[in-house]
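Inside the fold
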Amino acid sequence: MTLAAVSDTGPLIHLAEIDSLELLATFDTLLVPETVYEEVDAGGVPDGLADLSYELVEADESRVGVQELDTGERAAIAVAEERGVVLLTDDLAAREVASDAGVEVHGSIGVIALGHARRSLDRDEAASLMRALQRETSLFVTEAIVEQGIQMLDEQ
């Protein structure tokens, strides 16, 4: 099965914060809207992004009229809708908007779970990275969500 995804800024930053950006390579195709790249670049491109295979794409973020979202989130949702690919975001509001539009959504924990499913990580490595997301990054994620992620690993 071929997996394609478009990422907003969150997973790029959060996975980089735990030195796991390479997990995005578990997707066969990774799209990054130009707006998202500019947001990431403004904060300093994370180490490892240059090593990833991704395609910079243009997006019409005006198609997503939810003003609470930033332009990068709107651009990523627009690309996900246009191309029928998975949206990668850690933003709750963006997840809700995308889900309401019928877009499949995964966050950084989902990327780690996929890395486990595709045999890039063993269960203990994946669980450790999920816990690291909570403890060592700028991502706010509850203990309950981390435990749900670990339970997903056990069910795979």
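Residues numbered from 1 in each chain as written. Predicted model: local features only at pLDDT ≥ 70, side-chain atom pairs only at ≥ 80, totals over all residues. Heavy atoms only, no water.

Further remarks concern the nonpolar core. The biggest cluster of nonpolar side chains holds 35 residues, and the ones touching the most others in it are Leu12, Leu21, Leu24, Leu88, Ile112 and Met130. When contributions to this core are tallied by element, the ones reaching two or more residues are helix 1 (9–17), strand 2 (29–33), helix 2 (34–42), strand 4 (86–88), helix 5 (108–117), helix 6 (123–136) and helix 7 (143–155). Among the elements that take part in this core, helix 6 stands out by supplying six residues, more than any other. The next biggest cluster of nonpolar side chains, apart from the first, holds 16 residues, and it includes Val6, Leu31, Leu87 and Val105. (Core = buried A, V, L, I, M, F, W, Y, C linked by side-chain atoms within 4.5 Å. Buried < 20%, exposed > 50% of the residue type's maximum accessible area, 1.4 Å probe, protein only. Helix = DSSP H or I, 4+ residues; strand = E, 2+ residues; numbered from the N terminus.)

Attention now moves to the sheet that holds strand 4. An order of 3-2-1-4-5 is seen for the five strands of this open sheet, with the pairing classed as parallel. Only two strands of the sheet have a single partner each, and these edge strands are strand 3 (55–57) and strand 5 (105–106). Taken together, the three bridges between strand 1 (residues 4–7) and strand 2 define a ladder with parallel strand orientation. The partner of Val6 across the bridge, within strand 2, is Leu31. The strands that helix 2 touches are strand 1, strand 2 and strand 3; relative to strand 2, the one it contacts most, it runs at about 75°. In the packing of helix 3 (residues 71–83) onto the sheet, the strands contacted are strand 1, strand 2, strand 3 and strand 4, and the crossing angle to strand 2 comes to about 135°. (Pairing = 2+ DSSP bridges. Contact = heavy atoms within 4.5 Å. Axes fitted to C-alpha atoms, helices over the stretch in contact; angles between N-to-C directions.)

This part takes up the side chain of Thr137. Along the chain, the position of Thr137 falls in the loop between helix 6 and helix 7. Looking at Thr137, its side chain comes within polar contact range of the main-chain oxygen of Leu133, at 2.5 Å. (Polar contact = N/O pair within 3.5 Å; in protein donor to acceptor, adjacent residues only side chain to side chain.)

A separate point is the packing of helix 2 against helix 3. Interhelical geometry of helix 2 versus helix 3 gives an angle of 145° and a closest axis separation of 8 Å. Like other packed secondary-structure pairs, helix 2 and helix 3 cross with a definite hand, here left-handed. Of helix 3, the residues touching helix 2 (which contributes Thr35, Val36 and Glu39) are Thr71, Gly72 and Ala75. (Left-handed = near helix turned anticlockwise from the far one by under 90°.)

With that out of the way, let us pick up the pairing of strand 1. Since strand 1 and strand 2 lie parallel, the crossover through helix 1 that links them has a hand, and here it is right-handed. Two elements, strand 1 and strand 4, share three bridges in a ladder whose sense is parallel. Of the residues in strand 4, the one forming a bridge with Val6 is Leu87. (Right-handed = clockwise from strand over helix to strand, strands pointing away.)

The element strand 2 is largely enclosed, with a buried count of four among its five residues. As defined by bridge partners, strand 2 adjoins strand 3 across three bridges and the pair is classed as parallel. Within strand 3, the residue paired with Leu31 across the bridge is Glu55. As for the winding sense of the linkage, the β-α-β connection from strand 2 through helix 2 to strand 3 is right-handed.

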